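Report on the structure
This is what each chain is made of:
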Amino acid sequence: WQTNSDDVQFPMTHGWSGSVNEAVTFNSPTPTTTPEIDMMGCIRRNDNGVMVAIPFWLNYGTENPNPPFIFTYHTSTNNGTTWVTQTNAGSATGFPAGQQMAGFRFHRGIIQDADGTMYAPAHATWKVSGAYQAYRIMLMKSTNGGATWNYLSTIQYTPNLWYTEATIVRCKDGSILAVMRNGNNPLKYRRSPPGDNGVNWGAAAAALPGVPTNAGVDPYRELLPNGILTLSYGNNIIDQTPYHIDPKDSVMRHCMVAFSPDGNGTNWANIRETYTSVKGGTLGTKSSGYTSVFPLRTNRLMQVSDRALYNYYYPGTNEHPTPNPFSIWSKTIDLVLTYRNRIDL
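Residues numbered from 1 in each chain as written. Predicted model: local features only at pLDDT ≥ 70, side-chain atom pairs only at ≥ 80, totals over all residues. Heavy atoms only, no water.

**Regarding the overall build of the protein chain**
- When helices and strands are tallied, the protein chain shows 0 helices and 23 strands.
- Buried residues in the protein chain amount to 49% of all 345 residues.
- Of the contacts made within the protein chain by residues no fewer than 6 positions apart, 51% connect residues no fewer than 24 positions apart. (Helix = DSSP H or I, 4+ residues; strand = E, 2+ residues; numbered from the N terminus. Buried < 20%, exposed > 50% of the residue type's maximum accessible area, 1.4 Å probe, protein only. Contact = heavy atoms within 4.5 Å.)

Listed below in structure tokens is the structure:
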């Protein structure tokens, strides 16, 4: 985890904790041994056991940057206890010749195929006819363990709509499902068909079937070992306009989880609110709505998020209140299909 205001900034304050008993208990928080690692970015354990941490922000300004983008990333061979800094060893390239862009950022949700090929979502604004467009979602591909990332395709671009915070998952049928934030509008999705591997994308982005049409942020998915696809996200329940004016109520999000029984995201059901932010409450009673999920067993998963709504950290506020009211919360969820993996006693 890391602590910072909702700003593109570097470095951050961060730490980590591990569990060896299916998240029943965690060891004491420990600072990472590589302070400059960007915990906002994509972190994945590859099939060879090496963990790769790719930065969210590549530290490029917004004034006509030209790819390739060179960046530093980190690797670990001991479960994240120590990290090796790969200085200026990473690159994002392969974009159309001469294409300038601003604000390039990786996001969460790296997937890896059996042959080692990795795919990751990213977003940036492209400069066309002298002007920067709205953010678009792109798919990046790596065949060398996450060092070199090549532009593969644009997943979604719509003029005047800002698509960010995308995540991808390999579905049960082999398709790649991309779910993305659409400004302060409902989450949208697009799909690359089985066997296509992200080169082409189907019908125009649409709202997720079965998911309430409230504004969603930072979607994240996990295909559980039992074949059920999980969606975790935050939803805005108070409009963000005016932005950051009232840190108690101008932004407030609940945390949500939903499930697709067919493992393909065809439809989403059992939508649950897992954390309820409190309007007008005290510090530590709201969440940013930025969540994560991971499997513990075949039918069990854990969702984690925070009690630390980001706008409390903005200038003019007490950034480090004592005692600290902020924390990470977790919720364990058991989910099985009807009449499966249960004994009726």
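**Focus: the sheet that holds strand 22 (residues 300-306)**
- Read from one edge of the open sheet, 3 strands run 21-22-23, paired in antiparallel fashion. Looking at which strands have only one partner, the edges of the open sheet turn out to be strand 21 (292-295) and strand 23 (328-334). Pairwise comparison of adjacent strand axes, ignoring direction, gives a mean angle of 20° for this sheet.
- Pairing between strand 22 and strand 23: 7 bridges, direction antiparallel. Across the sheet, Asp-306 pairs through a bridge with Ile-328, a residue of strand 23. (Pairing = 2+ DSSP bridges. Axes fitted to C-alpha atoms, helices over the stretch in contact; angles between N-to-C directions.)

**As for the confidence of the model for the protein chain**
- In this model, the protein chain carries a mean pLDDT of 85, and residues with pLDDT of at least 70 account for 83%.
- When the criterion is pLDDT under 50, residues 239-247 qualifies, and its contacts beyond four places in sequence or with other chains add up to 20 contacts. (pLDDT = per-residue confidence, 0-100.)

**Some remarks on the sheet that holds strand 16 (residues 206-207)**
- Strand order in the open sheet made by the 4 strands is 13-14-15-16, with antiparallel pairing throughout. Strands with a single pairing partner mark the edges of an open sheet, and in this sheet they are strand 13 (163-170) and strand 16.
- Relative to strand 16, strand 15 (residues 185-192) runs antiparallel, the two being bridged by 2 bridges. Its bridge partner being in strand 16, Tyr-189 is matched across the sheet by Ala-206.

**Description of the pattern of salt bridges**
- All told, the structure shown has 5 salt bridges when counted by the stated rule.
- We note a salt bridge from Asp-113 to Arg-170, for which the minimum N-O separation is 2.7 Å. Separated by 57 residues along the polypeptide, Asp-113 in the loop between strand 8 (111-112) and strand 9 (118-128) and Arg-170 in strand 13 bring together distant segments of the chain. (Salt bridge = Lys/Arg side-chain N within 4 Å of Asp/Glu carboxyl O.)

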